[in-house]
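The lines below spell out each chain.
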Amino acid sequence: MGAWDITIKDIRLILKDRGALYTLLALPVVFIAILGVSTGQLITTRDEMKLVKVGVVDQCGTELSERVFRDLSSIGGLKVKKVQDRDEALLHLQDGRSSVIVILGKEFDQRVEDLDLGDVFDSEHGKLTKGVASLDMQVESGAAFVGVAELVEYVVLSAVLRVVAPEVARRNPIMARMIDRMLERNQEAAVSDAAAKSPKLEGVQSGSSIIYQTLVPAFIVMFAYFLLNIMASSFINERHLGTLRRMQISRISLFQLLWGKTLPFLLVSITQSVLLFLSGKVMFGMSWGVYPIMLVPVILATAISATGLGLLLAMFVRTESQVASYSTFLVVVLAGISGCYMPRDWLPELMKNVSLATPHAWALIAYQELLTRKHPNMTLVGQCCSVMVAMGVVCFTWGSLRFRKREYPS
């Protein structure tokens, strides 16, 4: 019997163990699918849910107010819809059909007519001191934005002034000519930029939320270490059934035995990561970054570190209860320290440094570089992969020495 025979045997055992397959392959997909539904980012809802819904009541009904509506509609991230009257708008705000409502009063046009350049450039001392109310406007925020209502009002005022300011400036002949020239240059620049843009770079975040560029890799890393439990249990079962002893007395070397036992879980870990990335792409429209092929070494390095740690754990446990408690402790604690439960940017500086003692942290750094940067630092990615492989080799070596001492006493 060789290492490959042991590998095939263990793969067959894993395939027969539906509980293990569910834990390693199905559970992670179900978990991120639930996460997608709860955050409104599943493929059926993500485009709708990630937009801020704005209801606009146009009581003025002039060309200028219509231009304000069109300008608001052109802002990315907003879904702007006209509402019949104020009462209906408030009802939309209450039932969630609108997150913010903007009411353009009947005197909106006249208030704009009364403005001069001084009012636009010095809003703190001119006719705009009262904010949107100065233009006969109202801005109401729903429950989701109640804590930042003033910020929402400021953003709306800025968007309105983007339309109003040129109209006020055009009353001055010199300013009117300058604005016309600026518009011509802007149009030429826009055409040049559109021609020069690289589709490859534009696709980094298109069709997906940054939520999934961060959370999916985090849970991929966390679930990769779920195999600690199943891998350690495999050694316990082999020991109890006596098959481990029979393999030991055969002509197979120690390295072949351990490699044959480890390889199936390495393949399962790689399959799990690939499946989760495919699920992220299909269900959430997740981007694989500018260089998707570079995800392969990160997936492989993560799998090596996970299986190495799994072998080491298997050499320290003797019962199933120890497997359950030790593996759960390692999975939960290491994931928490490294930043799998929250973006690493949220961690205190001390915790970021401490987390570098875990392979999880290096995997997260590599994934963040590849999935959220338009120009990933490949040197950093290579460094992260090297560290994870080194950690896996150290754990495998330590586990092998522990196995020799424990199973081959001199």
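Residues numbered from 1 in each chain as written. Predicted model: local features only at pLDDT ≥ 70, side-chain atom pairs only at ≥ 80, totals over all residues. Heavy atoms only, no water.

Asks: So what exactly am I meant to see when it comes to the overall build of the protein chain here?
Replies: Broken down by element type, the protein chain carries 19 helices and 4 strands. Long-range pairs, those at least 24 residues apart, make up 76% of the contacts in the protein chain with a sequence separation of at least 6. If you sum the accessible surface of the protein chain, you get close to 21400 Å²; carbon and sulfur atoms cover 62% of it. (Helix = DSSP H or I, 4+ residues; strand = E, 2+ residues; numbered from the N terminus. Contact = heavy atoms within 4.5 Å. Areas by Shrake-Rupley, 256 points an atom, 1.4 Å probe, with all protein chains shown as cover.)

Asks: What am I meant to see in a nonpolar patch on the surface here?
Replies: On the surface, a cluster of nonpolar side chains totalling about 440 Å² of accessible area is made up of Val332, Tyr341, Met342 and Trp346. With respect to the helices and strands, methionine 342 occurs in the loop between helix 16 (320-338) and helix 17 (349-355). Judged by relative accessible area, which is 35%, methionine 342 ranks as partly exposed. (Patch = residues over 30% accessible without salt bridge, like charges linked within 9 Å, V, L, I, M, F, W, Y side chains within 5 Å. Salt bridge = Lys/Arg side-chain N within 4 Å of Asp/Glu carboxyl O. Buried < 20%, exposed > 50% of the residue type's maximum accessible area, 1.4 Å probe, protein only.)

Asks: Looking at this structure, I do not really get the pattern of salt bridges. What am I missing?
Replies: Charged atoms that come close allow side chains of opposite charge to pair. Scanning the entire structure with this criterion turns up 4 salt bridges. One salt bridge in this structure joins arginine 373 and glutamate 369, with 3.6 Å as the shortest N-O distance.

Asks: Any chance you could explain the sheet that holds strand 4 (residues 137-141) here in plain terms?
Replies: The strands that make up a sheet pair up through hydrogen bonds in the backbone, lying either parallel or antiparallel. Taking strand neighbours across the sheet as the criterion, the 4 strands line up as 2-1-3-4 in an open arrangement whose pairing is mixed. Two strands lie at the open edges of the sheet, namely strand 2 (78-82) and strand 4, each paired on one side alone. Adjacent strand axes in the sheet meet at a mean angle of 20 degrees when their direction is disregarded. Sheet strands touched by helix 8 (residues 149-169): strand 3 (100-104) and strand 4. Its angle to strand 4, the strand with the most contacts, is close to 140 degrees. (Pairing = 2+ DSSP bridges. Axes fitted to C-alpha atoms, helices over the stretch in contact; angles between N-to-C directions.)

Asks: What should I look at first to understand the packing of aromatic side chains in this one?
Replies: Think of a pair of aromatic rings as described by two things: how far the centres are apart, and how the planes are tilted against each other in angle. Tallied over the entire structure, the rule returns 3 aromatic pairs. Taken together, a centroid distance of 5.8 Å and an interplanar angle of 85 degrees make the contact between phenylalanine 316 and tryptophan 398 edge-to-face. Taken together, the residues phenylalanine 316 in the loop between helix 15 (295-314) and helix 16 and tryptophan 398 in helix 19 (residues 378-407) connect sequence positions 82 residues apart. Residue phenylalanine 316 is classed as partly exposed on the basis of its relative accessible area of 36%. One residue, lysine 82, lies across the ring of phenylalanine 69, its end atom 5.0 Å from the ring centre. Just above the ring of tryptophan 288 sits the side chain of lysine 281; from NZ or CZ to the centre is 5.5 Å. (Phe/Tyr/Trp six-rings, centres within 6.5 Å; stacked < 30°, edge-to-face > 60°. Lys NZ or Arg CZ within 6 Å of the ring centre and 35° of its normal.)

Asks: I would appreciate a short explanation of helix 14 (residues 254-284) in the present structure.
Replies: Because an α-helix completes one turn every 3.6 residues, residues spaced three or four positions apart along the sequence face the same direction. Counted at 1.5 Å a residue, the expected span for helix 14 with its 31 residues is 45 Å, and the 45 Å between its end C-alpha atoms agrees. Its axis deflected by about 25 degrees at threonine 262, helix 14 carries its strongest bend there, up to four residues before the proline proline 264. Of the residues flanking the end of helix 14, it is glycine 285, one or two places downstream, whose phi is positive at about 65 degrees. (Expected span 1.5 Å × (residues − 1). Bend = angle between axes of the 7 residues up to and from the residue.)

Asks: I keep staring at the pairing of strand 2 and nothing clicks. Help me out?
Replies: When a strand is regular, its side chains alternate between the sheet's two faces. Relative to strand 2, strand 1 (residues 52-58) runs parallel, the two being bridged by 5 bridges. Along strand 2, the bridge assignment pairs glycine 55 with lysine 81. As a crossover connection, the stretch from strand 1 through helix 4 (residues 63-73) into strand 2 is right-handed. (Right-handed = clockwise from strand over helix to strand, strands pointing away.)

Asks: Which parts of the structure should I look at to understand the environment of leucine 267?
Replies: On the secondary structure map, leucine 267 appears in helix 14. C-alpha separation for the pair leucine 267 and threonine 307, spaced 40 residues apart in sequence, amounts to 9.7 Å.

Asks: When you look at the confidence of the model for the protein chain in this model, what are you seeing that I'm missing?
Replies: Reading predicted coordinates in detail is not appropriate for stretches of low pLDDT. When pLDDT is averaged along the protein chain, the result is 80, and 81% of the positions lie at 70 or above. Mean pLDDT across the elements of the protein chain ranges from a minimum in helix 10 (residues 199-202), with 42, to a maximum in helix 15, with 94. In the predicted structure, residues 197-208 sits below a pLDDT of 50 and forms 26 contacts with residues beyond four places in sequence or in another chain. (pLDDT = per-residue confidence, 0-100.)

Asks: Honestly, unusual backbone geometry in this entry has me stumped. Any pointers?
Replies: Glycine aside, negative phi is the norm for most residues, and most peptide bonds take the trans geometry. Notably, aspartate 136 is not glycine yet its phi reads approximately 55 degrees, a positive angle. With respect to the helices and strands, the residue aspartate 136 is situated in the loop between helix 7 (117-121) and strand 4. Taking relative accessible area as the criterion, aspartate 136 reaches 24% and is therefore assigned partly exposed.

Asks: How do you make sense of the packing of helix 15 against helix 18 (residues 359-372) when you look at a structure like this?
Replies: Working note: a packed helix pair is described by the angle between its axes plus the distance between those axes. Close contact between helix 15 and helix 18 brings their axes to 10 Å; oriented N to C, the two are set at 170 degrees. Taken together, the axes of helix 15 and helix 18 lie roughly antiparallel to each other. Seen from helix 15, the contacting residues are Leu295, Val298, Ile299, Thr302 and Ser305; seen from helix 18, they are Pro359, Ala363, Ala366, Tyr367, Leu370 and Leu371. Looking at the contact of helix 15 with helix 18 residue by residue, the classes come out as 9 nonpolar, 2 polar and no charged. (Parallel < 35°, antiparallel > 145°, perpendicular 65-115°, else oblique. Nonpolar A, V, L, I, M, F, W, Y, C, P; charged D, E, K, R; others polar.)

Asks: Just checking my understanding: could you explain the environment of serine 74 for this structure?
Replies: Along the polypeptide, serine 74 turns up in the loop between helix 4 and strand 2. Residue serine 74 is classed as exposed on the basis of its relative accessible area, which comes to 53%. In this structure the side chain of serine 74 is engaged in a polar contact, spanning 2.7 Å, whose partner is the backbone oxygen of aspartate 71. (Polar contact = N/O pair within 3.5 Å; in protein donor to acceptor, adjacent residues only side chain to side chain.)

Asks: Quick question: what am I supposed to make of the nonpolar core here?
Replies: In globular proteins that are soluble, nonpolar side chains generally tend to be buried together. Residues Tyr225, Leu258, Phe277, Val298 and Tyr367 are the most contacted members of the largest nonpolar core, which totals 67 residues. The element that contributes the greatest number of residues to this core is helix 15, accounting for 10 residues. Ignoring any residue separated from it by four or fewer positions in sequence, one finds leucine 258 in contact with Phe235, Leu311, Phe396, Ser400 and Phe403. With 29 residues, the next largest nonpolar core counts Phe69, Leu128, Met137 and Val168 among its residues. (Core = buried A, V, L, I, M, F, W, Y, C linked by side-chain atoms within 4.5 Å.)

Asks: Explanation requested: the side chain of serine 134 in the structure shown.
Replies: Along the chain, the position of serine 134 falls in the loop between helix 7 and strand 4. Residue classification places serine 134 among the buried residues on the basis of a relative accessible area of 12%. Beyond its immediate chain neighbours, meaning those up to four positions away, serine 134 contacts Arg111, Lys127, Leu128 and Thr129.

Asks: Where do I start with the packing of helix 12 (residues 227-241) against helix 16 in this structure?
Replies: Where helix 12 meets helix 16, the axes come as close as 9 Å, and the angle between the chain directions of the two elements is 160 degrees. Viewed along their axes, helix 12 and helix 16 adopt a mutual orientation that is roughly antiparallel. As for how helix 12 packs across helix 16, the hand of that crossing is right-handed. When helix 12 is examined against helix 16, the residues Leu228, Asn229, Ala232, Ser233, Ile236 and Asn237 are found in contact with a partner set consisting of Glu320, Val323, Ala324, Ser327, Leu330 and Val331. In terms of residue class, the contact of helix 12 with helix 16 is made up of 7 nonpolar, 4 polar and 1 charged. (Left-handed = near helix turned anticlockwise from the far one by under 90°.)

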